[in-house]
Amino acid sequence: MPEPVLRWRVRRDLLVLKVIAVLVLALLTVLSRDDPRGMILAGVAALAVAALALRDVLAPVRLSADGEGLVVVKGFAGSQRVPWSAVERVRVDRRTRFTSRTELLEIDTGEGVYLLSRFDLGAPCQEVADELRVFRTGT
C-alpha cells in the first residue's frame, strides 16, 4: 500500500492573476512608448511579476510531507528533502505591523529555517502546521 503524501501548493487562481498582471503590464509598457520613465517602470514591473509567475509554474508544490520527512521549496524553484529527524520545530510566526498581520509557517531544522506564507501553501499556516503535527506524530 502506498504511503500517504500531503502536498501544499500555490493556488492556481493566484497564478492566473499573475499572468493577467503580466499581460496588462506588458500592454502598459507598449502604450507608454512616448513616456520613457513610464515604459521602464511598467516593463520592470512586468518582468518582476513574470518571474514570480514562472516560479509558480516551475515549483507549484511548495511543501510536501510523507513518512520519511518533508520536501520544501528552496531558492527560486529548487527543493530540499528534510527528514523528520532533522525537524526541530514547526510553528506559525505571527506579526502585526501598522495594522497589517502576517503569518508564516516556520520549519526549523537547526541548520536552517524555512518560511512559507499562506500564498505559498494555498491554505492557512496554522492549518498546515496542525496537519504536519498530526501527520508526524499520528495524534
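Residues numbered from 1 in each chain as written. Predicted model: local features only at pLDDT ≥ 70, side-chain atom pairs only at ≥ 80, totals over all residues. Heavy atoms only, no water.

**Student:** Please set out the sheet that holds strand β7 (residues 113–117) residue by residue, giving values where relevant.
**Tutor:** Ordered by their spatial adjacency, three strands build an open sheet running β5-β6-β7, and the pairing between neighbours is antiparallel. Taken across any chain shown, the strands that pair with only one partner, and hence form the sheet edges, are β5 (89–97) and β7. Pairs of neighbouring strands in the sheet enclose a mean axial angle of 30°, with direction left out of account. Bridging between β5 and strand β6 (residues 100–108) involves nine bridges; their strand directions are antiparallel. (Pairing = 2+ DSSP bridges. Helix = DSSP H or I, 4+ residues; strand = E, 2+ residues; numbered from the N terminus. Axes fitted to C-alpha atoms, helices over the stretch in contact; angles between N-to-C directions.)

**Student:** Could you give me a rundown of the environment of Val73, with the residues and numbers involved?
**Tutor:** Considering the arrangement of structural elements, one finds Val73 in strand β3 (residues 69–74). Each C-alpha atom, one on Val73 and one on Leu28, is 33 Å from the other, the two residues being 45 residues apart in sequence. Not counting the four nearest positions on each side in its chain, Val73 is found in contact with Arg55, Ala59, Arg62, Gly78, Ser79, Tyr114 and Leu116. (Contact = heavy atoms within 4.5 Å.)

**Student:** For the nonpolar core, give the residues involved together with the corresponding values.
**Tutor:** By size, the foremost hydrophobic cluster in this structure holds 22 residues, and its most contacted members are Leu63, Leu70, Leu105, Ile107 and Leu132. Every element with two or more residues in this core is listed here: β2 (61–65), β3, β5, β6, β7 and α4 (125–137). Beyond its immediate sequence surroundings of up to four residues, Leu70 is in contact with Leu63, Ser64, Ala65, Gln80, Arg81, Val82, Trp84, Val87, Ile107 and Leu132. (Core = buried A, V, L, I, M, F, W, Y, C linked by side-chain atoms within 4.5 Å. Buried < 20%, exposed > 50% of the residue type's maximum accessible area, 1.4 Å probe, protein only.)

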